[in-house]
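Analysis of the macromolecular model
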Amino acid sequence: MYNLETIIEELMEKSLRNDAKKYLDEEEFHVAKKLYLKLLKVQKRLLILDKNYYGNLIVITLNTLASIHKEENSYISAIRYYKYSTFIIEKLLDIDSIEKSSMLAQNYRYMADLYRIEYQYEESIYFYGKARDIYLNISINDYKRELLSIYNSLSIVANEENRFKDTEDAYLSALSIYKELVEEEPDRYNSELALTLYNLASLYFKNNRVNKAGEVYLLALELLLYLHQKEPFLYKDTVASTLYYLGKVYTTQHEYVDALSAYRASLNHYIELSEDTPSKYAPYIAMIFKDLSSYYLTQNKMDMAQYFHLKLVNIYKELIYYDEDRYTLELASSIIDGVRYYQQHTISLYEAEAIIFHKDYLEVDDLLEEIECLRYEHCPSYA
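First, a word on what this report is: a plain description of the structure on this page. Computed from a predicted model, the values in this text were never measured in an experiment.

Where helix 4 (residues 75-91) contacts helix 5 (residues 97-117), the two axes come as close as 10 Å, and the packing angle between them is 165°. Compared by their axis directions, helix 4 and helix 5 come out roughly antiparallel. For helix 4 against helix 5, the interelement crossing comes out left-handed. When helix 4 is examined against helix 5, the residues Tyr75, Ala78, Ile79, Tyr82, Lys83, Ser85, Thr86, Ile89 and Glu90 are found in contact with a partner set consisting of Lys100, Met103, Leu104, Asn107, Tyr108, Tyr110, Met111, Leu114, Tyr115 and Ile117. Partitioning the contact of helix 4 with helix 5 into residue classes produces 13 nonpolar, three polar and three charged.

Rendered as C-alpha coordinates:
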(Lines give C-alpha, C1' and ligand atoms only; values in the text may rest on other atoms or scores of the structure.)
Protein backbone atom coordinates (compact mmCIF):
# COMPACT_ATOMS: atom_id res chain seq x y z
CA MET A 1 0.00 0.00 0.00
CA TYR A 2 1.31 3.41 -1.00
CA ASN A 3 2.09 6.02 1.64
CA LEU A 4 2.01 9.76 1.11
CA GLU A 5 5.78 10.02 0.74
CA THR A 6 5.81 7.46 -2.07
CA ILE A 7 3.01 9.24 -3.90
CA ILE A 8 4.91 12.52 -3.66
CA GLU A 9 8.07 10.82 -4.97
CA GLU A 10 6.17 9.44 -7.97
CA LEU A 11 4.68 12.83 -8.77
CA MET A 12 8.10 14.42 -8.43
CA GLU A 13 9.57 11.81 -10.78
CA LYS A 14 6.99 12.55 -13.48
CA SER A 15 7.38 16.30 -13.05
CA LEU A 16 11.18 16.17 -13.23
CA ARG A 17 11.03 13.89 -16.26
CA ASN A 18 8.72 16.28 -18.13
CA ASP A 19 10.74 19.36 -17.18
CA ALA A 20 14.05 17.73 -18.11
CA LYS A 21 12.70 16.69 -21.51
CA LYS A 22 11.38 20.20 -22.10
CA TYR A 23 14.80 21.76 -21.54
CA LEU A 24 16.45 19.00 -23.57
CA ASP A 25 14.11 19.67 -26.52
CA GLU A 26 15.01 23.36 -26.23
CA GLU A 27 18.71 22.39 -26.19
CA GLU A 28 19.20 23.97 -22.79
CA PHE A 29 21.68 21.24 -21.95
CA HIS A 30 23.07 22.76 -18.76
CA VAL A 31 19.65 22.94 -17.11
CA ALA A 32 18.54 19.59 -18.59
CA LYS A 33 21.60 17.85 -17.09
CA LYS A 34 20.85 19.16 -13.60
CA LEU A 35 17.23 18.03 -13.84
CA TYR A 36 18.16 14.57 -15.16
CA LEU A 37 20.62 14.10 -12.28
CA LYS A 38 17.87 14.99 -9.79
CA LEU A 39 15.50 12.68 -11.66
CA LEU A 40 18.04 9.87 -11.40
CA LYS A 41 18.15 10.13 -7.60
CA VAL A 42 14.35 9.96 -7.36
CA GLN A 43 14.16 6.99 -9.73
CA LYS A 44 16.71 5.11 -7.64
CA ARG A 45 14.58 5.60 -4.54
CA LEU A 46 11.53 4.31 -6.39
CA LEU A 47 13.23 1.08 -7.46
CA ILE A 48 11.74 -0.74 -4.46
CA LEU A 49 8.25 -0.23 -5.92
CA ASP A 50 8.90 -1.78 -9.35
CA LYS A 51 12.44 -2.86 -10.21
CA ASN A 52 11.81 -3.34 -13.94
CA TYR A 53 9.70 -0.24 -14.51
CA TYR A 54 11.97 2.19 -12.70
CA GLY A 55 15.10 0.28 -13.73
CA ASN A 56 14.11 0.85 -17.35
CA LEU A 57 13.50 4.55 -16.61
CA ILE A 58 16.96 4.76 -15.02
CA VAL A 59 18.46 3.28 -18.18
CA ILE A 60 16.65 5.89 -20.28
CA THR A 61 17.83 8.68 -17.97
CA LEU A 62 21.44 7.48 -18.03
CA ASN A 63 21.40 7.13 -21.81
CA THR A 64 19.91 10.60 -22.13
CA LEU A 65 22.66 12.03 -19.93
CA ALA A 66 25.16 10.22 -22.12
CA SER A 67 23.64 11.73 -25.27
CA ILE A 68 23.79 15.23 -23.73
CA HIS A 69 27.48 14.81 -22.94
CA LYS A 70 27.99 13.56 -26.50
CA GLU A 71 26.33 16.70 -27.85
CA GLU A 72 28.73 18.72 -25.69
CA ASN A 73 31.68 16.71 -27.05
CA SER A 74 32.37 15.25 -23.60
CA TYR A 75 32.82 11.75 -24.99
CA ILE A 76 34.53 10.14 -22.01
CA SER A 77 31.72 11.32 -19.70
CA ALA A 78 29.19 9.97 -22.20
CA ILE A 79 30.92 6.59 -22.15
CA ARG A 80 30.77 6.51 -18.34
CA TYR A 81 27.01 6.99 -18.42
CA TYR A 82 26.59 4.27 -21.05
CA LYS A 83 28.66 1.91 -18.91
CA TYR A 84 26.48 2.70 -15.88
CA SER A 85 23.39 2.10 -18.01
CA THR A 86 24.82 -1.21 -19.23
CA PHE A 87 25.45 -2.31 -15.64
CA ILE A 88 21.78 -1.59 -14.74
CA ILE A 89 20.55 -3.57 -17.76
CA GLU A 90 22.76 -6.55 -16.94
CA LYS A 91 22.27 -6.70 -13.17
CA LEU A 92 18.87 -5.22 -12.49
CA LEU A 93 16.39 -5.71 -15.30
CA ASP A 94 14.43 -8.96 -15.32
CA ILE A 95 12.92 -8.77 -18.80
CA ASP A 96 12.65 -10.80 -22.01
CA SER A 97 16.12 -12.03 -22.96
CA ILE A 98 15.91 -10.77 -26.56
CA GLU A 99 14.83 -7.31 -25.44
CA LYS A 100 17.58 -7.24 -22.84
CA SER A 101 20.18 -8.39 -25.34
CA SER A 102 19.17 -5.77 -27.91
CA MET A 103 19.40 -3.04 -25.24
CA LEU A 104 22.92 -4.20 -24.35
CA ALA A 105 23.97 -4.39 -27.99
CA GLN A 106 22.73 -0.86 -28.59
CA ASN A 107 24.76 0.45 -25.64
CA TYR A 108 27.85 -1.40 -26.83
CA ARG A 109 27.46 0.23 -30.25
CA TYR A 110 27.11 3.68 -28.68
CA MET A 111 30.28 3.15 -26.63
CA ALA A 112 32.17 1.80 -29.63
CA ASP A 113 31.19 4.87 -31.67
CA LEU A 114 32.43 7.19 -28.93
CA TYR A 115 35.71 5.33 -28.50
CA ARG A 116 36.18 5.61 -32.27
CA ILE A 117 35.69 9.38 -32.09
CA GLU A 118 38.29 9.47 -29.31
CA TYR A 119 40.71 7.43 -31.48
CA GLN A 120 40.73 4.66 -28.90
CA TYR A 121 40.48 2.00 -31.58
CA GLU A 122 41.21 -1.08 -29.48
CA GLU A 123 38.29 -0.28 -27.15
CA SER A 124 36.13 0.60 -30.15
CA ILE A 125 36.81 -2.74 -31.85
CA TYR A 126 36.13 -4.56 -28.57
CA PHE A 127 32.67 -3.04 -28.07
CA TYR A 128 31.70 -3.34 -31.74
CA GLY A 129 32.60 -7.01 -31.39
CA LYS A 130 30.39 -7.42 -28.31
CA ALA A 131 27.45 -5.79 -30.10
CA ARG A 132 28.02 -7.90 -33.22
CA ASP A 133 28.13 -11.15 -31.21
CA ILE A 134 24.84 -10.33 -29.49
CA TYR A 135 23.04 -9.63 -32.77
CA LEU A 136 24.44 -12.80 -34.33
CA ASN A 137 23.18 -14.84 -31.37
CA ILE A 138 19.71 -13.29 -31.43
CA SER A 139 18.77 -13.45 -35.11
CA ILE A 140 20.58 -12.16 -38.16
CA ASN A 141 17.35 -11.61 -40.08
CA ASP A 142 15.88 -9.30 -37.44
CA TYR A 143 19.02 -7.21 -37.08
CA LYS A 144 20.51 -7.04 -40.58
CA ARG A 145 20.76 -3.26 -40.63
CA GLU A 146 22.23 -3.08 -37.14
CA LEU A 147 24.85 -5.66 -38.09
CA LEU A 148 25.55 -3.83 -41.32
CA SER A 149 26.23 -0.62 -39.40
CA ILE A 150 28.60 -2.49 -37.07
CA TYR A 151 30.50 -4.16 -39.92
CA ASN A 152 30.88 -0.83 -41.72
CA SER A 153 32.20 0.80 -38.55
CA LEU A 154 34.49 -2.15 -37.82
CA SER A 155 35.97 -1.91 -41.31
CA ILE A 156 36.83 1.76 -40.74
CA VAL A 157 38.41 1.23 -37.32
CA ALA A 158 40.29 -1.96 -38.25
CA ASN A 159 41.62 -0.25 -41.38
CA GLU A 160 42.88 2.66 -39.29
CA GLU A 161 44.72 0.11 -37.14
CA ASN A 162 46.15 -1.57 -40.28
CA ARG A 163 44.51 -4.85 -39.29
CA PHE A 164 44.12 -6.32 -42.75
CA LYS A 165 42.32 -9.55 -41.82
CA ASP A 166 39.83 -7.83 -39.50
CA THR A 167 39.12 -5.19 -42.14
CA GLU A 168 38.67 -7.81 -44.85
CA ASP A 169 36.34 -9.86 -42.61
CA ALA A 170 34.24 -6.78 -41.86
CA TYR A 171 33.88 -5.91 -45.56
CA LEU A 172 33.05 -9.50 -46.53
CA SER A 173 30.46 -9.78 -43.74
CA ALA A 174 28.90 -6.50 -44.84
CA LEU A 175 28.81 -7.70 -48.45
CA SER A 176 26.96 -10.88 -47.48
CA ILE A 177 24.24 -8.75 -45.85
CA TYR A 178 24.14 -6.27 -48.74
CA LYS A 179 23.61 -9.18 -51.12
CA GLU A 180 20.38 -10.06 -49.29
CA LEU A 181 19.24 -6.45 -48.87
CA VAL A 182 19.84 -5.63 -52.54
CA GLU A 183 17.54 -8.47 -53.53
CA GLU A 184 14.85 -6.98 -51.28
CA GLU A 185 15.41 -3.28 -52.10
CA PRO A 186 17.91 -2.86 -54.98
CA ASP A 187 17.47 0.87 -55.47
CA ARG A 188 18.13 1.55 -51.79
CA TYR A 189 21.29 -0.50 -51.28
CA ASN A 190 23.05 -0.65 -54.67
CA SER A 191 25.03 2.50 -53.91
CA GLU A 192 26.28 1.20 -50.53
CA LEU A 193 27.10 -2.17 -52.08
CA ALA A 194 29.18 -0.50 -54.80
CA LEU A 195 31.07 1.60 -52.27
CA THR A 196 31.82 -1.44 -50.10
CA LEU A 197 33.14 -3.33 -53.13
CA TYR A 198 35.31 -0.34 -54.02
CA ASN A 199 36.66 -0.11 -50.46
CA LEU A 200 37.41 -3.84 -50.35
CA ALA A 201 39.24 -3.64 -53.68
CA SER A 202 41.23 -0.65 -52.39
CA LEU A 203 42.14 -2.66 -49.28
CA TYR A 204 43.46 -5.49 -51.45
CA PHE A 205 45.38 -3.03 -53.65
CA LYS A 206 46.93 -1.28 -50.65
CA ASN A 207 48.10 -4.65 -49.30
CA ASN A 208 49.54 -5.85 -52.63
CA ARG A 209 46.76 -8.39 -53.32
CA VAL A 210 46.70 -7.07 -56.86
CA ASN A 211 44.81 -9.94 -58.53
CA LYS A 212 42.06 -9.86 -55.92
CA ALA A 213 41.95 -6.07 -56.16
CA GLY A 214 41.39 -6.29 -59.92
CA GLU A 215 38.56 -8.81 -59.54
CA VAL A 216 36.73 -6.71 -56.95
CA TYR A 217 37.33 -3.41 -58.78
CA LEU A 218 35.64 -4.96 -61.83
CA LEU A 219 32.63 -5.96 -59.71
CA ALA A 220 32.46 -2.46 -58.29
CA LEU A 221 32.83 -0.88 -61.72
CA GLU A 222 29.95 -2.90 -63.18
CA LEU A 223 27.62 -1.64 -60.48
CA LEU A 224 29.03 1.90 -60.53
CA LEU A 225 28.51 2.20 -64.29
CA TYR A 226 24.88 1.16 -63.81
CA LEU A 227 24.44 3.80 -61.11
CA HIS A 228 26.34 6.36 -63.20
CA GLN A 229 23.85 5.96 -66.04
CA LYS A 230 21.04 6.94 -63.68
CA GLU A 231 22.85 9.74 -61.79
CA PRO A 232 26.11 10.70 -63.56
CA PHE A 233 27.02 13.57 -61.25
CA LEU A 234 26.89 11.46 -58.08
CA TYR A 235 29.06 8.60 -59.30
CA LYS A 236 31.42 10.08 -61.88
CA ASP A 237 34.34 10.59 -59.45
CA THR A 238 34.08 7.04 -58.03
CA VAL A 239 33.89 5.60 -61.54
CA ALA A 240 36.97 7.64 -62.47
CA SER A 241 38.87 6.43 -59.40
CA THR A 242 37.91 2.79 -60.02
CA LEU A 243 39.10 3.00 -63.63
CA TYR A 244 42.35 4.61 -62.51
CA TYR A 245 43.15 1.82 -60.06
CA LEU A 246 42.16 -0.78 -62.63
CA GLY A 247 44.75 0.84 -64.89
CA LYS A 248 47.38 0.38 -62.18
CA VAL A 249 46.30 -3.23 -61.62
CA TYR A 250 46.49 -4.04 -65.34
CA THR A 251 49.91 -2.40 -65.55
CA THR A 252 51.16 -4.60 -62.71
CA GLN A 253 49.72 -7.63 -64.49
CA HIS A 254 51.42 -6.53 -67.78
CA GLU A 255 48.01 -6.21 -69.44
CA TYR A 256 49.10 -2.99 -71.14
CA VAL A 257 46.28 -2.60 -73.64
CA ASP A 258 43.66 -2.90 -70.88
CA ALA A 259 45.72 -0.59 -68.66
CA LEU A 260 45.83 2.11 -71.33
CA SER A 261 42.10 1.80 -71.94
CA ALA A 262 41.33 2.15 -68.22
CA TYR A 263 43.65 5.15 -67.80
CA ARG A 264 42.12 6.95 -70.76
CA ALA A 265 38.57 6.33 -69.57
CA SER A 266 39.50 7.58 -66.10
CA LEU A 267 41.19 10.65 -67.58
CA ASN A 268 38.07 11.57 -69.56
CA HIS A 269 35.95 11.50 -66.42
CA TYR A 270 38.43 13.55 -64.39
CA ILE A 271 38.74 16.16 -67.15
CA GLU A 272 34.94 16.61 -67.09
CA LEU A 273 34.95 16.88 -63.30
CA SER A 274 37.81 19.38 -63.26
CA GLU A 275 35.87 21.83 -65.42
CA ASP A 276 33.78 22.81 -62.38
CA THR A 277 36.29 22.19 -59.56
CA PRO A 278 39.83 22.22 -60.97
CA SER A 279 41.59 22.43 -57.59
CA LYS A 280 39.90 19.19 -56.50
CA TYR A 281 40.22 17.06 -59.62
CA ALA A 282 43.26 18.40 -61.47
CA PRO A 283 45.60 16.50 -59.06
CA TYR A 284 43.99 13.25 -60.24
CA ILE A 285 44.63 14.26 -63.84
CA ALA A 286 48.26 14.90 -62.88
CA MET A 287 48.45 11.41 -61.38
CA ILE A 288 47.22 9.85 -64.61
CA PHE A 289 49.61 11.94 -66.75
CA LYS A 290 52.46 10.73 -64.54
CA ASP A 291 51.40 7.09 -64.86
CA LEU A 292 50.89 7.41 -68.62
CA SER A 293 54.32 8.95 -69.12
CA SER A 294 55.83 6.08 -67.11
CA TYR A 295 53.76 3.59 -69.08
CA TYR A 296 55.04 4.86 -72.45
CA LEU A 297 58.57 5.08 -71.07
CA THR A 298 58.50 1.35 -70.25
CA GLN A 299 57.28 0.74 -73.82
CA ASN A 300 60.20 2.87 -75.11
CA LYS A 301 57.71 5.16 -76.85
CA MET A 302 59.60 8.32 -76.00
CA ASP A 303 57.48 10.81 -77.94
CA MET A 304 54.32 9.79 -76.06
CA ALA A 305 56.20 9.53 -72.77
CA GLN A 306 57.53 13.06 -73.16
CA TYR A 307 54.12 14.33 -74.31
CA PHE A 308 52.41 13.23 -71.09
CA HIS A 309 55.35 14.36 -68.98
CA LEU A 310 55.06 17.89 -70.40
CA LYS A 311 51.34 17.75 -69.68
CA LEU A 312 52.21 16.80 -66.10
CA VAL A 313 54.59 19.75 -65.70
CA ASN A 314 52.01 22.17 -67.09
CA ILE A 315 49.28 20.96 -64.78
CA TYR A 316 51.56 21.33 -61.74
CA LYS A 317 52.30 24.89 -62.87
CA GLU A 318 48.58 25.56 -62.72
CA LEU A 319 48.05 23.74 -59.42
CA ILE A 320 50.80 25.73 -57.72
CA TYR A 321 48.48 28.75 -57.80
CA TYR A 322 45.89 26.83 -55.77
CA ASP A 323 48.28 25.38 -53.19
CA GLU A 324 51.91 26.46 -53.45
CA ASP A 325 53.13 24.47 -50.43
CA ARG A 326 51.61 21.25 -51.70
CA TYR A 327 52.73 21.40 -55.34
CA THR A 328 56.06 23.24 -55.35
CA LEU A 329 58.07 20.08 -54.75
CA GLU A 330 55.92 18.10 -57.20
CA LEU A 331 56.61 20.64 -59.93
CA ALA A 332 60.35 20.76 -59.25
CA SER A 333 60.58 16.95 -59.12
CA SER A 334 58.72 16.67 -62.44
CA ILE A 335 61.06 19.13 -64.13
CA ILE A 336 64.06 17.19 -62.80
CA ASP A 337 62.51 13.91 -64.08
CA GLY A 338 62.24 15.50 -67.51
CA VAL A 339 66.02 15.73 -67.67
CA ARG A 340 66.65 12.35 -66.05
CA TYR A 341 64.17 10.24 -68.04
CA TYR A 342 62.98 12.20 -71.07
CA GLN A 343 66.19 13.73 -72.46
CA GLN A 344 65.03 17.30 -71.84
CA HIS A 345 67.69 20.02 -71.82
CA THR A 346 69.54 20.70 -68.57
CA ILE A 347 68.65 24.37 -68.88
CA SER A 348 65.23 23.45 -67.38
CA LEU A 349 67.07 22.54 -64.18
CA TYR A 350 67.51 26.28 -63.55
CA GLU A 351 63.74 26.59 -63.43
CA ALA A 352 63.48 23.74 -60.90
CA GLU A 353 66.27 25.32 -58.84
CA ALA A 354 64.58 28.71 -58.81
CA ILE A 355 61.24 27.18 -57.72
CA ILE A 356 62.65 25.52 -54.60
CA PHE A 357 65.75 27.59 -53.78
CA HIS A 358 64.26 29.71 -51.01
CA LYS A 359 61.73 27.11 -49.80
CA ASP A 360 62.04 25.70 -46.32
CA TYR A 361 61.21 22.05 -47.03
CA LEU A 362 63.14 19.02 -45.81
CA GLU A 363 63.31 17.61 -49.34
CA VAL A 364 64.89 20.75 -50.88
CA ASP A 365 68.50 19.74 -50.16
CA ASP A 366 67.95 16.34 -51.77
CA LEU A 367 66.46 17.92 -54.88
CA LEU A 368 69.27 20.45 -55.16
CA GLU A 369 71.77 17.61 -54.90
CA GLU A 370 69.94 15.74 -57.69
CA ILE A 371 70.15 18.87 -59.87
CA GLU A 372 73.90 19.09 -59.33
CA CYS A 373 74.35 15.41 -60.16
CA LEU A 374 72.34 15.70 -63.37
CA ARG A 375 74.33 18.74 -64.47
CA TYR A 376 77.55 16.84 -63.92
CA GLU A 377 76.26 13.75 -65.76
CA HIS A 378 75.20 15.76 -68.78
CA CYS A 379 78.13 18.15 -68.68
CA PRO A 380 81.13 16.75 -66.77
CA SER A 381 83.08 19.97 -67.36
CA TYR A 382 80.46 21.75 -65.21
CA ALA A 383 82.22 20.53 -62.04
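Attention now goes to the packing of aromatic side chains. By the definition in use, this model includes 24 aromatic pairs. Between Tyr115 and Phe127, the aromatic rings sit 5.7 Å apart at their centres with planes inclined by 5°, giving stacked as the arrangement. With Tyr115 in helix 5 and Phe127 in helix 6 (residues 121-138), this pair connects stretches of sequence that are 12 residues apart. With a relative accessible area of 8%, Tyr115 lands in the buried category. In this structure Phe127 comes out as buried when scored by relative accessible area, which is 11%. Seen in terms of ring centroids, Tyr341 and Tyr342 are 6.3 Å apart; in terms of plane orientation they differ by 75°. Their pairing is edge-to-face. Classification of Tyr341 by relative accessible area gives partly exposed; the value is 40%. According to the relative accessible area criterion, Tyr342 is buried, its value standing at 3%. Members of the aromatic cluster, joined through ring pairs, are Tyr198, Phe205, Tyr217, Tyr244, Tyr245 and Tyr263. A cation over an aromatic ring shows up here: Arg375 above the ring of Tyr350, its NZ or CZ 4.2 Å from the ring centre.

What counts and what doesn't
- Residues numbered from 1 in each chain as written.
- Predicted model: local features only at pLDDT ≥ 70, side-chain atom pairs only at ≥ 80, totals over all residues.
- Heavy atoms only, no water.
- Axes fitted to C-alpha atoms, helices over the stretch in contact; angles between N-to-C directions.
- Helix = DSSP H or I, 4+ residues; strand = E, 2+ residues; numbered from the N terminus.
- Parallel < 35°, antiparallel > 145°, perpendicular 65-115°, else oblique.
- Left-handed = near helix turned anticlockwise from the far one by under 90°.
- Contact = heavy atoms within 4.5 Å.
- Nonpolar A, V, L, I, M, F, W, Y, C, P; charged D, E, K, R; others polar.
- Phe/Tyr/Trp six-rings, centres within 6.5 Å; stacked < 30°, edge-to-face > 60°.
- Buried < 20%, exposed > 50% of the residue type's maximum accessible area, 1.4 Å probe, protein only.
- Lys NZ or Arg CZ within 6 Å of the ring centre and 35° of its normal.

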